[in-house]
Amino acid sequence: MPYNFEEYSECGHVEGTIAHVVDLRSDTITKPTVEMRKAMAVAEVGDDVFGEDPTVNELERRSAELMGKEDGIFLSSGTMCNIIAVMVHCNKRSVEFIAGDKSHLHLFEQGGPAVLAGVQSSIVTNNPDGTFSLEEMESKIRTSNDSHETSTALIVVENTHNLCGGRVLPLEWLDKLAKIAANYNLPLHMDGARIMNAVVKSKVSAKRIARDMDSVCFCLSKGLSCPVGSVLCGSKSFIKQARRFRKLLGGGMRQVGILAAAGLVALDEMIDRLHIDHDHAYKVAKAISDLDSDIVRVDLSAVETNIVNIHLDTAKISSKAFLEQLAKITKTEEVSVKALSFSPSSIRLVFHWEISHNDVAGVIRKMRFVIKGLHVGRYIK
């Protein structure tokens, strides 16, 4: 069944009730910290299209250094990072890239590579941990020996993997992937929207994780809580081409140091604290798991970072109905929990810096209330 983001993301409420709302729809909803707002207010700026914004230049320099790459470019979103990476790497007609079937690039970016870059995708099946079979991937590589076929120009991975529940790609798997890619002289791009969560969980540097990647991007506007922006990193020649494509896509921004200033604060202050979000996610997941429900389940071993995937028995309740119960306020339970779903059988919770210990306690109470209600027949599917 195809994913339908809008259909399953609705939440109910009780009219006239003022509730304590805990918003776990995404870590993109975070607002900038006080320190970020102060830095933004006094940021030194210039025209970034001319390369004259000192704050942007510093953010790009530090980001590239963090990722172990030669250069970086500040972009408006992770989606723009991914499409530009595809456009640079797949720079001729009749080529394709390989990506996982649950990857953000494949499912949630409106087919941008095909629409904007004229690049075809070849899909391999993601494993539950965000990896995919390297044997299957290698079998998909095409070298243009047959004039009827397209040729493979790029391999894309996602780390952490969103739809697989924020899973961290194992270094051993990445190393094996890199060897295969090198054998075919194929570049690798990492959609590292949440790579900083992988860094904190694995206690391995971003530089090491991205070591064999020809390009890597990371989002400032998710767990790092900036108001907007992502950074794409790679070689100097790669970034030079990326700047051209940014302009082509209308992404050239002027005195954008006002936004980049928040990014610099994020690099200094928001990475190391991500373990708090991971702890919060695990506490909620464990509380659900401890209920031992056959209607609402969590794979506790899969909860590695700040994302929790909840699996539902749709014979008893749909994700839409479950979301409505989480959001509803009653005299018994006054916490309203907002969450998202991408299918009738699953719910996603994402934890971030604005979720407090008290919020976590409230979410656990609400989950217990709703799940126990399912088992006594309180709700209708």
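Residues numbered from 1 in each chain as written. Predicted model: local features only at pLDDT ≥ 70, side-chain atom pairs only at ≥ 80, totals over all residues. Heavy atoms only, no water.

### Digging into the UniProt feature "domain: Aromatic amino acid beta-eliminating lyase/threonine aldolase" (unreviewed entry) in the protein
Keep this limit in mind: UniProt positions are given in the numbering used here, feature names are shortened, and annotations may be inferred rather than shown by experiment. Comment: elements are numbered from the N terminus, with helices defined as DSSP H or I runs of at least four residues and strands as E runs of at least two.
UniProt records the feature "domain: Aromatic amino acid beta-eliminating lyase/threonine aldolase" (unreviewed entry) at residues 23–309, using the numbering of this structure. In the segment residues 23–309, helix accounts for 41% and strand for 15%; the C-alpha atoms at its two ends are 15 Å apart.

### Details of the packing of helix 13 (residues 319–327) against helix 14 (residues 357–375)
A pair of packed helices is characterised by two quantities: the angle between their axes and the separation of those axes. What counts here: Note on definitions: angles span 0 to 180 degrees between N-to-C directions of axes, and those axes are lines fitted to C-alpha atoms, for helices only across the stretch in contact. Under this scheme an angle from 65 to 115 degrees is roughly perpendicular, one under 35 degrees roughly parallel, and one over 145 degrees roughly antiparallel; angles in between are oblique. Crossing handedness is defined as follows: a turn of the near helix away from the far one that is anticlockwise and smaller than a right angle gives a left-handed crossing, while the clockwise case is right-handed. Two residues form a contact once any of their heavy atoms are found within 4.5 Å. Ten residues, namely Ala, Val, Leu, Ile, Met, Phe, Trp, Tyr, Cys and Pro, are considered nonpolar, four, namely Asp, Glu, Lys and Arg, are considered charged, and the remaining ones, Gly among them, are considered polar.
Look at helix 13 against helix 14: their axes get within 9 Å of each other, and the N-to-C directions meet at 130 degrees. Between helix 13 and helix 14, the interaxial angle falls into the category oblique. Classified by chirality, the crossing of helix 14 by helix 13 is right-handed. Counted together, Phe 322, Gln 325, Leu 326 and Ala 327 of helix 13 and Lys 366, Met 367, Val 370, Ile 371 and Leu 374 of helix 14 form the full contact between these two elements. Grouping the amino acids of the contact of helix 13 with helix 14 by side-chain chemistry returns 7 nonpolar, 1 polar and 1 charged.

### Thoughts on the sheet that holds strand 4 (residues 120–124)
Strand pairing in a sheet takes place through backbone hydrogen bonds and is either antiparallel or parallel in direction. As a reminder of what qualifies: In this scheme, strands are said to pair when DSSP sees at least two bridges between them.
With respect to topology, 7 strands assemble into an open sheet ordered 2-8-7-6-5-3-4, the strand pairing being mixed. A single partner strand is all that each edge strand has here, and the edge strands are strand 2 (71–75) and strand 4. Between one strand axis and the next, the sheet turns through 20 degrees on average, direction left out of account. Running at roughly 20 degrees to strand 2, helix 10 (residues 236–248) makes contact with strand 2, strand 7 (215–219) and strand 8 (230–234) of the sheet.

### Considerations on the UniProt feature "modified residue: N6-(pyridoxal phosphate)lysine" (unreviewed entry) in the protein
Applicable threshold: Under the scheme applied here, a residue whose accessible area is under 20% of the maximum for its type counts as buried, over 50% as exposed, and between as partly exposed, the area being computed with a 1.4 Å probe on protein chains only.
The feature "modified residue: N6-(pyridoxal phosphate)lysine" (unreviewed entry), as given by UniProt, occupies Lys 222 in the numbering adopted here. For Lys 222, a relative accessible area of 16% translates into the label buried. Discounting residues that sit within four places of it in the chain, Lys 222 has contacts with Asp 27, Thr 28, Thr 30, Ala 193 and Arg 194.

### Looking at the environment of Ile 155
Mapped onto the elements of the fold, Ile 155 is located in strand 5 (residues 151–158). In this view, Ile 155 contacts Ile 98, Phe 132, Met 137, Leu 177, Ala 181, Leu 186, Pro 187, Leu 188 and His 189; residues no more than four positions away in its chain are not counted.

### Focus: the sheet that holds strand 9 (residues 296–297)
Spatially, 9-10-13-12 is the arrangement adopted by the 4 strands of the open sheet, whose pairing is antiparallel. The open sheet has two edge strands with one neighbour each: strand 9 and strand 12 (340–343). Pairing analysis gives 2 bridges linking strand 12 to strand 13 (residues 346–350), with the strands arranged antiparallel. Note that in strand 13 the partner of Ser 343 across the bridge is Ser 346. Where helix 12 (residues 274–290) meets the sheet, it contacts strand 9, strand 10 (307–312) and strand 13, and its direction lies at approximately 20 degrees from that of strand 10.

### Things to note about the packing of aromatic side chains
The condition is simple: Here the aromatic set is Phe, Tyr and Trp, taking the six-membered ring for Trp, and pairing holds for ring centres within 6.5 Å; pairs whose planes are under 30 degrees apart are stacked, those over 60 apart are edge-to-face, and all others are tilted.
This model, assessed by the stated rule, comprises 2 aromatic pairs. With a centroid separation of 5.4 Å and 40 degrees between ring planes, the pair formed by Phe 108 and Phe 342 is classed as tilted. Taken together, the residues span a long stretch of sequence, with Phe 108 in the loop between helix 4 (104–107) and helix 5 (112–117) and Phe 342 in strand 12 at a distance of 234 residues. Here Phe 108 falls in the partly exposed class, since its relative accessible area comes to 25%.

### Some words on helix 13
Here helix 13 lies mainly inside the structure; 7 of its 9 residues are buried. Among the residues of helix 13, those classed as buried are Ser 319, Ala 321, Phe 322, Leu 323, Gln 325, Leu 326 and Ala 327.

### As for the pattern of salt bridges
Two side chains of opposite charge can pair, provided their charged atoms sit close to one another. Definition in use: Any Lys or Arg side-chain nitrogen located within 4 Å of an Asp or Glu carboxyl oxygen qualifies as a salt bridge.
Applying the stated criterion across every chain, the model contains 16 salt bridges. One salt bridge in this structure joins Arg 194 and Asp 27, with 2.8 Å as the shortest N-O distance. Pair noted here: Arg 194 is in the loop between strand 6 (188–191) and helix 8 (195–202) and Asp 27 is in the loop between strand 1 (20–23) and helix 1 (34–41), with a separation of 167 residues, a long-range link. Across the pair, Asp 27 and Arg 194 agree in class, each one buried. Of the charged contacts in the structure, one is a salt bridge between Asp 212 and Arg 211, with a shortest N-O distance of 3.2 Å. The class for Asp 212 is partly exposed, based on a relative accessible area of 29%. For Arg 211, a relative accessible area of 45% corresponds to the partly exposed category. Overlapping salt bridges, with partners in common, bring together Asp 175, Arg 208, Arg 211 and Asp 212 in one network.

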